Amino acid sequence: MFENFGFIAGATRHHHRPALADAPVVRIALIALTLIFLGMFLFIPLAAVFTEAFAKGASAYFAAISNSEARAAIRLTLTTASIAVPLNVAFGLAAAWLIARFDFRGKQLLVTLIDLPFSVSPVISGMLFVLLLGVRTPLGGWLADHGIRIIFAEPGIIIATVFVTFPIAARELIPVMQAGGRDEEEAALVLGARGFQMFRRVTLPNVRWGLMYGVVLCAARAMGEFGAVSVVSGHIRGATNTMPLYVEILYNDYQFSAAFAVASLLAMLAIVTLALKQAVGRRVASTIRAAAPAESIEQKAA
Amino acid sequence: MSIELRNIRKTFGDFVALDNINLDVAKGEMVALLGLSGSGKTTLLRIIAGLETPDAGSVRFQGADATSLSVRDRRIGFVFQHYALFRHMTVFENVAFGLRVRPRSTRPPESEIRSRVHELLRLVQLDFLADRLPSALSGGQRQRVALARTLAVEPRILLLDEPFGSLDARVRQELRQWLRRLHKQLGITCVFVTHDQEEALELADRVVVMNAGRIEQIGTPEEVYHRPANAFVASFLGNVNLFHGRIEDGRVFIADTCLEVGTANGGSPSSGKAMLYVRPHLLEIDRAPRGPRSFPATVRNINPAGPRVRVELTAEWGDPVNVDIDHESHRRLSLEPGARVFLHPKEDQVFIYQI
Amino acid sequence: MKGASRRVLPGFGLTLGFTIAYLSVIVLIPLSTIFFRSAALGPADFWAVISAPRTLAACRLSFMAAFAAAMINCVFGLAVAWTLVRYEFPMRGIVDAMVDLPFALPTSVAGITLTAIYASNGWIGRWFVLLGIKIAFAPLGIVAALTFVGLPFVVRTVQPVLEEIDLELEEAATTLGANRLQTFARVTLPTLMPAVLTGFTLAFARAIGEYGSVVFISGNLPMKTEVLPLLIMSKLEQFDYGGATAIGVLMLAISFVLLYGVNSIQKWSARRLAA
């Protein structure tokens, strides 16, 4: 009896290796364990966002996400992402080209430095910019005298987001560019292409999936960043709130369903991000795999 | 366009890839760089192309110094080992690439580009695949596209890196003959790298045998095969039997047998150790001794499956010997394993090198 | 006769310059600010902040909660990875995609949601209250939140290794008489260990610095449910920049040690598997 049940839930993915099939009891237990664990920490929370969001009914939901403060938060979130993403993607392309194609002293150090923002806590990330550009600092004071406010204003949010999302695109582009190998670019040069021609016509098309993946991840992170932005924003309603911050403000004001309503928008964004990640991620993986020295069709058939 | 290489040296860290290479390639000649991996042949090819810079030495094309010219300015054609076709472009776009990236002043109009590309594709017999992507092509087809792409920009020199390395034996044969016909037709100076000696001997006007960063011998295929300059070339090209022997007073001995095979190659004989190389098809088998150069051996194994018969024997002094005889001789001798026979090398066909 | 230093591919100078400049402006200069500021604090004041009871309590709680969460993620993450790679079940693809949810979801959204669920009247919390266990607004709530944020790490480091593993090794063990459990413990698990360790360390590092998911569920009671990032935020709100800086330096030091640890594990395992 267990054999049949095991086929539906728990058949192994290596159908041609019967010796390695785990006992059906083990399979079912592990699957159950997985689903319970992921249920507790992923599926239930995701469902809860939407349940709580609509707790006061649909009209309250739509009011919560379309009032002027909400719109300002949405606008700021999108603005921040539309600045942070191109900057960091441009950096990612430059760094990937540098690291994938050249050898030089200090390359390993450079790679480690690029990864730094990942190992810094978000609160500290925000604090760095308060310490550097806050009104009481020399640099910040000088800027304030000239009418430029960074901390507790939009520019501060943008620059903190740029810091936090700094390594994301580079980390995706470096392995893709490495996997592609230099042959095609050398061939382009031999055929007479100049540097930018080669980059535009040969390099970019070959890394396009890694590039797209980097853009998706960077944008998702830029729009979702909370800790760092919380520190530099000053929480001024309607002016320096991104969507994640606005969620916090509503929650602290005990406007729970409104908070969840805005949160649901972010949750939907997360789901879209996950879907894109799956779709594009598979292409990236196959790019890296396919870039092994080309087999001919005869060899593939053999 | 002729090529002159002088005193080329290249190291990668501690590894010496090329050590004092001197080579001349005449205009219109087809030259093979032959050697094992690590012999430096690909590095040398890339230095000619400008894809590597030598630590020392010079590269000249038709007398003009090219050492400091960039890859683009050298106007050479380079076919990569794995073709390096632009995988997101069709066959047509690949071949048109070199023409399309020309600066506006020298770029031909699109209609001319189109006709040139199709002409080249017809030359390599792939016009019907013009709209396919490289991934839809077989290895042999990709190779021909790579060649067409290179020829589109009318290079003065054609360089090929293991052009047929990753292809099946039959496809390789066909492409070899095809490349030879193409070379005759175009008359372009051509240097190719290979580890396949059959390919080098069949295609090249001259063969450059390389080993560990040095040139062992440069010569026509006939020269390097029949008159190898040293022990490496003798054992690298073709099959060969190797014996250790010694020279005393101008005569050559193996074990206690004096073989009277003449004087050592390369000049005045003296006393000392020597290596002897004899090709399997240049040894004759007889039932009885036939003169001063005969030595006894015992038959171990006979393999008659092939154009000739392969006989494996053990010489009197213990070394294994391989002999190729034709089927007629095999029938006449009626050999069987365990039989005692006598071998003698054909006149002047033993390579002797002092060590 | 040019030297060997000329590069064939273009753009070295350009990309090197841009990379270093951008890196300096966005990362290095801001990071160095914190060290200058803490230096300005003076060693005595620095030590006073670090060794204050509130700081030490926050440290202890941060480490223990992060450790507990990382351990949970190790055990369950391994199970999840195994299940996703080796078994077939309905909607496996969707479950696989969802593992990355903690990466994609903003931490404040996670924070308020986990609080709602694990509160005494929440969907899950109410069952634990019956057992007398309080999750939200207690240290366990922090562990729950940190488990959430660290969930993808072990799964995603183990999955590729599990997918690439040579099944012939397991088949060989079977022919030699081992049962599945023995094969797993003696053949498969050792191969997975470096990945598990890496995942653990990454989850741990992330958990120590986590703010958004924790700030709602913890209740922020100093000395009881306050972790290091919350302590920093609290000091910043009171404009105690010196204190915040000192703790920030402490946290950065911890992060760098962990980063070094991850790199060492990867280097060690690469050498081990190559030999």
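Keep in mind that this is a model prediction, so the values were computed, not measured.

J.: Explain the overall build of chain C to me, using residue names and the numbers behind them.
T.: Helix and strand counts for chain C stand at 13 helices and one strand. Mapped from its N terminus to its C terminus, chain C presents α and β elements in the order α-α-α-β-α-α-α-α-α-α-α-α-α-α. In terms of its C-alpha atoms, chain C occupies a principal-axis envelope of roughly 85 × 65 × 30 Å. Each of the 275 residues in chain C was classed as buried or not, and the buried ones make up 45%. Within chain C, counting contacts between residues at least 6 apart in sequence, those at least 24 apart form 75% of the total.

J.: Could you give an account of the overall build of chain B, with specific residues and numbers?
T.: Counting its secondary structure elements, chain B contains 10 helices and 20 strands. Its C-alpha atoms put chain B at 80 × 45 × 35 Å along the principal axes. Looking at chain B as a whole, 40% of its 355 residues qualify as buried. Long-range pairs, those at least 24 residues apart, make up 66% of the contacts in chain B with a sequence separation of at least 6.

J.: I'd like a rundown of the sheet that holds strand β7 (residues 157-161) of chain B, residues and numbers included.
T.: All names here are of chain B. With mixed pairing, the six strands of this open sheet are ordered in space as β6-β7-β8-β3-β9-β10. In this open sheet, the two edge strands, each paired with only one partner strand, are β6 (76-79) and β10 (214-219). Averaged over all pairs of adjacent strands, the angle between their axes in this sheet comes to 15°, without regard to strand direction. With four bridges joining them, strand β3 (residues 30-34) and strand β9 (residues 206-211) adopt parallel strand pairing. What sits directly across from A32, in β9, is V207.

J.: Which residues make up the environment of F36(C), and what are the values?
T.: The topology assignment puts F36(C) in helix α1 (residues 12-41). Along the chain, F36(C) and T245(C) lie 209 residues apart, while their C-alpha atoms are 9.7 Å from each other.

J.: How would you sum up the nonpolar core? Please name residues and give values.
T.: By size, the foremost hydrophobic cluster in this structure holds 166 residues, and its most contacted members are M127(A), L173(A), V247(A), V262(A), A263(A), A207(C) and I232(C). Residues within four places of A207(C) in sequence aside, it is in contact with A65(C), A66(C), A69(C), A70(C), L146(C), V149(C) and G150(C). Core analysis: the next-biggest nonpolar cluster, separate from the first, contains 105 residues, V25(B), L147(B), L203(B) and M210(B) among them.

J.: Any chance you could break down the packing of helix α2 (residues 24-53) of chain A against helix α6 (residues 107-118) of chain C for me, citing the residues and the numbers?
T.: Interhelical geometry of α2(A) versus α6(C) gives an angle of 90° and a closest axis separation of 9 Å. By the angle class used here, α2(A) and α6(C) are roughly perpendicular. Across from I44(A), P45(A), A48(A), V49(A) and E52(A) in α2(A), the residues of α6(C) making contact are V109(C), A110(C), T113(C), L114(C), A116(C) and I117(C). When grouped by side-chain class, the residues that make up the contact of α2(A) with α6(C) number nine nonpolar, one polar and one charged.

J.: Which residues make up the sheet that holds strand β5 (residues 64-65) of chain B, and what values go with them?
T.: Residues and elements named next belong to chain B. Spatially, β2-β1-β4-β5 is the arrangement adopted by the four strands of the open sheet, whose pairing is antiparallel. In this open sheet, the two strands that pair with only one neighbour each are β2 (15-25) and β5. In terms of strand pairing, strand β1 (residues 3-12) meets β2 through seven bridges, oriented antiparallel. Counted as the bridge partner of E4 is D24 from β2.

J.: Just give me the short version of the interface of chain A and chain C, but keep the residues and values in it.
T.: Note: interface size is frequently given as the accessible area lost on complex formation between the parts. Between chain A and chain C, the residue contacts involve 74 residues of the former and 72 residues of the latter. In terms of residue count, the dominant contributor to the side of chain A that touches chain C is α2(A) (16 residues). Residues belonging to the side of chain A that touches chain C are distributed by class as follows: 52 nonpolar, 11 polar and 11 charged.

J.: Can you explain the domain arrangement of chain B? Please cite residues and give values.
T.: As assigned here, chain B comprises domain 1 (3-230) and domain 2 (239-354). Between the C-alpha centres of domain 1 of chain B and domain 2 of chain B there is a distance of 40 Å.

J.: Could you give me a rundown of the environment of M64(C), with the residues and numbers involved?
T.: Residues and elements named next belong to chain C. Relative to the helices and strands, M64 resides in helix α3 (residues 53-86). For M64, a count of 14 C-beta atoms within 10 Å gives the class partly exposed. Along the sequence, M64 and P139 sit 75 residues apart, while their C-alpha atoms lie 9.6 Å from each other.

J.: Got a sec to walk through the confidence of the model for chain C? Specific residues and values, please.
T.: Residues shown with low pLDDT carry predicted positions that ought not to be read at fine detail. Mean pLDDT over chain C stands at 88; residues scoring 70 or higher make up 97%. Scored by ipTM, the complex comes to 0.88, with pTM at 0.81.

J.: Now, about helix α15 (residues 256-290) of chain A: what can you tell me, with residues and values included?
T.: An ideal rise of 1.5 Å per residue puts 51 Å on 35 residues; α15(A) measures up with 50 Å between its terminal C-alpha atoms. The largest bend along α15(A) reaches roughly 25° and is located at V280(A).

J.: Describe the pairing of β1(B), and please don't skip the residues or the numbers.
T.: Residue and element names in this part refer to chain B. Here β1 runs beside strand β4 (residues 56-61); their pairing, made up of five bridges, is antiparallel. Looking across to β4, one finds that R6 is bridged to S58. As consecutive antiparallel partners, β1 and β2 are separated by two residues, and within that stretch G13 has a phi angle of approximately 65°, a positive value.

J.: Could you give an account of the environment of A104(C), naming the residues involved and the relevant values?
T.: Among the structural elements, A104(C) can be located in helix α5 (residues 101-104). Discounting residues that sit within four places of it in the chain, A104(C) has contacts with A220(A), A270(A), T273(A) and L274(A).

J.: Provide a residue-level description of unusual backbone geometry, including the pertinent values.
T.: In this structure, R75(B) takes a positive phi of about 55° despite not being glycine. The residue R75(B) is located in the loop between α2 (71-74) and β6 in this model. Residue R75(B) is classed as partly exposed on the basis of its 17 C-beta neighbours within 10 Å. For F137(C), which is not glycine, the phi torsion reads 65° and is therefore positive. Owing to 21 C-beta atoms within 10 Å, F137(C) belongs among the buried residues under this scheme.

J.: So what's going on with the pairing of β7(B)? Residues and values would help.
T.: All names here are of chain B. Buried residues dominate β7, accounting for five of its five residues. Burial along β7 is two-sided: I157, L159 and D161 and L158 and L160, pointing in opposite directions, are all buried. Pairing of β6 with β7 involves four bridges; the strand directions are parallel. If you follow G77 over to β7, its bridge partner there is L158. Pairing of β7 with strand β8 (residues 189-194), which is carried by five bridges, proceeds in the parallel orientation. Across the sheet, residue L159 finds its bridge partner in β8, namely V191. With helix α6 (residues 169-186) bridging β7 and its parallel neighbour β8, the resulting β-α-β unit is right-handed.

J.: Break down helix α12 (residues 228-237) of chain C for me, with residues and values.
T.: All names here are of chain C. Counted residue by residue, α12 has eight buried out of 10 residues, so it is predominantly covered. Of all the residues in α12, the buried ones are L228, P229, L230, L231, I232, M233, K235 and L236. The positive-phi residue at the C-terminal boundary of α12 is F239, with phi of around 60°.

So, how was this worked out
Residues numbered from 1 in each chain as written. Chains lettered and ligands numbered in written order. Predicted model: local features only at pLDDT ≥ 70, side-chain atom pairs only at ≥ 80, totals over all residues. Helix = DSSP H or I, 4+ residues; strand = E, 2+ residues; numbered from the N terminus. Buried ≥ 20, exposed ≤ 12 C-beta atoms within 10 Å, placed from the backbone. Contact = placed C-beta atoms within 7 Å. Pairing = 2+ DSSP bridges. Axes fitted to C-alpha atoms, helices over the stretch in contact; angles between N-to-C directions. Core = buried A, V, L, I, M, F, W, Y, C linked by C-beta atoms within 7 Å. Parallel < 35°, antiparallel > 145°, perpendicular 65-115°, else oblique. Nonpolar A, V, L, I, M, F, W, Y, C, P; charged D, E, K, R; others polar. Domains from an automatic or database assignment. pLDDT = per-residue confidence, 0-100. Expected span 1.5 Å × (residues − 1). Bend = angle between axes of the 7 residues up to and from the residue. Right-handed = clockwise from strand over helix to strand, strands pointing away.

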